[in-house]
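This is what each chain is made of:
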Amino acid sequence: MLPLIQLAVLLIPTLAHPVDERWFQPIDSTVNSLFVKRAPDPNSGANNAPDFASNYPALGTPPPSSLPSAWTQKLASITLPNVGVSNPNNGYPTYTNNEPGQDSTICSFTYECTTSDDLYNPPANTFALSFDDGPTSSSPQLNTFLAQNNISNKATHFMIGGNILGAPTQMQDAFTAGGHIAVHTWSHPYMTTLSNEGVLGELGWTMQIISDLTGGRVPKYWRPPFGDVDNRVRTIAKQVFGLETVVWNQDTGDWAIGNDPSYTIPSVESTMSGWLTSSNKSTGLLVLEHELNDNTVGVFMAEYPVMQQNGWKVMTVADAFGMSWYQNSEGDTGTVISQAIAGNSTLSMTSSISTSTSSSSITSTSSSSSLSSTGSPSLTSTSTSSISSSPSSRPSTSSDSISSAGKLGVSGIIMMLSILVGIRVGA
Ligand SMILES: [Zn+2]
């Protein structure tokens, strides 16, 4: 039995915006209790774009007042590791009492600590292709190149919610072309510096806007901006939202071109070519790459032929690890099912909803047994944390924070303002 106030919270957005026919998530599913459809489709009317944006928080870390009770209740139900909020310290987070970031309880990737659940080492001969920071004005150029080379469906796009807010149809362009959409937070902050509620809003709202624009697909992967993640943030991502944490095992520094003189287009391409032409492919490559600007996109376009010539099997992050693309769908065109998020073992507000009846709506042919992530909500990695020798380059430094966060903030604002006055940017 749902308390009335919770029921009201669930129903208000639904009543305000009737479920669009493009929304394939069963309305009575446990997934829908965490991610009820919140906005009209931005394609469904000339005046809908401003209304679309009004359904989401503004740019910046979403405030606690923006958080749906389903999310905060789920957060309250999980046990977090004893890791405090970090101090930014110019990109090298410090912790209370100066505990080292590589400490197994904290396990900060900034200090090259990874857990057994982190995804960063693909199998042999595999190049897991991913692009961070979209959508931007350079995304159309990237998407055109991917389409021309028939690899639109081999790229994972870790997208920024605030950028999607300003250019929702650009995100949909990548999706409808067959791209795999994942989470890169709402406002690109140092996640370990945020409160638990801040982490909740950054992840949850980005999942929400992606879900709203992809027919109800719930993202399964996220990448922390600057690689700034620790066990507190990992636990919230996994146990509240069912998200897998993706980092990387190589970083070209493409994000630093134009900001740091030691990173130029030739030098970054040379670095990438060095890895691609190596005879040792026993561990695959998961390179940090960006659709941040024309330089970073240009590096990829120049290096893609080298990938081909050297026999790399290019695929999405999900495919590289043999996992489904979304928590409730195998891919962009597969059936959307009523799967519980993160096992749904403790979310009281959905406990009375029967999942056995929830797959009977639009997508009645689904099989809820086809996905492997159900029923394993616990993050087991905290006890097996280790300092990994695999990430062979240090995660992004503070110059990344200035370059990508600053530019993206401005570009996102420009895109949003452009859309408000009816101008499509860069597409
Ligand atoms: Zn980023």
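Residues numbered from 1 in each chain as written. Predicted model: local features only at pLDDT ≥ 70, side-chain atom pairs only at ≥ 80, totals over all residues.

Looking at an unreviewed UniProt entry, the chain carries the name chitin deacetylase, with the source organism given as Tremella mesenterica. Check the Catalytic activity (unreviewed entry) section of the UniProt entry for the chain; it says "[(1->4)-N-acetyl-beta-D-glucosaminyl](n) + n H2O = chitosan + n acetate". For the chain, the Subcellular location (unreviewed entry) comment in UniProt is given as "Cell membrane". (UniProt positions renumbered as here; feature names shortened; annotations may be inferred.)

Caption draft 1: Representation of the overall build of the chain. Helix and strand counts for the chain come out as 13 helices and eleven strands. Evaluated residue by residue, the chain yields a buried proportion of 52% over its 427 residues. A sequence separation of at least 24 residues applies to 78% of the contacts in the chain between residues at least 6 apart. (Helix = DSSP H or I, 4+ residues; strand = E, 2+ residues; numbered from the N terminus. Buried ≥ 20, exposed ≤ 12 C-beta atoms within 10 Å, placed from the backbone. Contact = placed C-beta atoms within 7 Å.)

Caption draft 2: Looking closely at helix H11 (residues 294-309). For H11, with 16 residues, the first-to-last C-alpha span of 24 Å sits near the 22 Å given by 1.5 Å per residue. Residue Glu-303 marks the point of greatest curvature in H11, where the axis turns by about 35°; the proline Pro-305 follows within four residues. Residues of H11 that are buried: Thr-296, Val-297, Val-299, Phe-300, Glu-303, Tyr-304 and Met-307. Among the structural elements, strand E2 (126-128), helix H5 (139-148), helix H10 (265-276) and strand E10 (313-315) are those in contact with the buried residues of H11. Gly-311 occupies a position one or two residues after H11 and carries a positive phi of about 75°. (Expected span 1.5 Å × (residues − 1). Bend = angle between axes of the 7 residues up to and from the residue.)

Caption draft 3: Representation of unusual backbone geometry within the structure. For the peptide bond that leads from Gly-134 to Pro-135, omega is -10°, which places it in the cis range. In this model, Asn-150 sits at a positive phi of 55°, which is unusual for a non-glycine residue. Mapped onto the elements of the fold, Asn-150 is located in the loop between H5 and strand E4 (156-159). Despite not being glycine, Phe-226 has its phi angle at roughly 60°, a positive value. By the element assignment, Phe-226 lies in the loop between strand E6 (221-222) and helix H9 (231-241).

Caption draft 4: Structural detail: the environment of Asn-328. Inspection of the secondary structure assignment puts Asn-328 in the loop between helix H12 (317-320) and strand E11 (386-387). Take Asn-328: there are 33 C-beta atoms within 10 Å of it, and that puts it in the buried class. Residues Asn-328 and Pro-219, 109 residues apart in the sequence, show an inter-C-alpha distance of 8.3 Å.

Caption draft 5: Fine view of the packing of helix H8 (residues 196-213) against H9. Where H8 meets H9, the closest approach of the two axes is 10 Å, and the angle between their N-to-C directions is 50°. Relative to H9, the element H8 lies oblique. Handedness of the H8/H9 crossing: right-handed. On H9, the residues touching Asn-196, Val-199, Leu-200, Leu-203, Gly-204 and Met-207 of H8 are Val-233, Ile-236, Ala-237, Val-240 and Phe-241. Here the contact of H8 with H9 is composed, by residue class, of nine nonpolar, two polar and no charged. (Axes fitted to C-alpha atoms, helices over the stretch in contact; angles between N-to-C directions. Parallel < 35°, antiparallel > 145°, perpendicular 65-115°, else oblique. Left-handed = near helix turned anticlockwise from the far one by under 90°. Nonpolar A, V, L, I, M, F, W, Y, C, P; charged D, E, K, R; others polar.)

Caption draft 6: Structural context of the confidence of the model for the chain. Chain-level statistics for the chain give a pLDDT mean of 78 and a share of 70% at 70 or above. Confidence drops under pLDDT 50 across residues 1-21; counting only partners more than four residues distant or on other chains, this segment forms 24 contacts. Note on residues 343-427: pLDDT is under 50 here. Beyond four places in sequence and across chains, it has 159 contacts. (pLDDT = per-residue confidence, 0-100.)

Caption draft 7: Quick peek at H10. For H10, built from twelve residues, the straight-helix expectation of 16 Å at 1.5 Å per residue is met to within 8% by its first-to-last C-alpha distance of 16 Å. For H10, the full list of buried residues reads Val-268, Thr-271, Met-272, Trp-275 and Leu-276. Buried residues of H10 fall within an arc of 135° about the axis and therefore sit on the same side. Exposed positions of H10 whose direction lies more than 90 degrees from the buried face are Pro-266, Ser-270 and Gly-274. Those residues of H10 that are buried are in contact with strand E8 (250-251) and H11. (Arc of directions from axis to C-beta.)

Caption draft 8: Spatial organisation of the pairing of E4. Burial of the side chains of E4 extends over both faces: Thr-156 and Phe-158 are buried on one face and His-157 and Met-159 on the other. Where strand E3 (residues 130-134) lies against E4, four bridges are found, and the strand directions are parallel. Considered in E4, the bridge of Gly-134 is made with Met-159. The pairing of E4 with strand E5 (residues 180-183) spans four bridges and is classified as parallel. (Pairing = 2+ DSSP bridges.)

Caption draft 9: Up close: the nonpolar core. Ala-128, Met-171, Val-183, Leu-203, Tyr-221, Trp-222 and Val-317 are the most contacted members of the largest nonpolar core, which totals 84 residues. Counting residues per element, this core draws most heavily on H8, which supplies eight residues. The contacts of Leu-203, once residues within four sequence positions are left out, are Val-183, Thr-185, Trp-222, Ala-237, Phe-241 and Leu-243. (Core = buried A, V, L, I, M, F, W, Y, C linked by C-beta atoms within 7 Å.)

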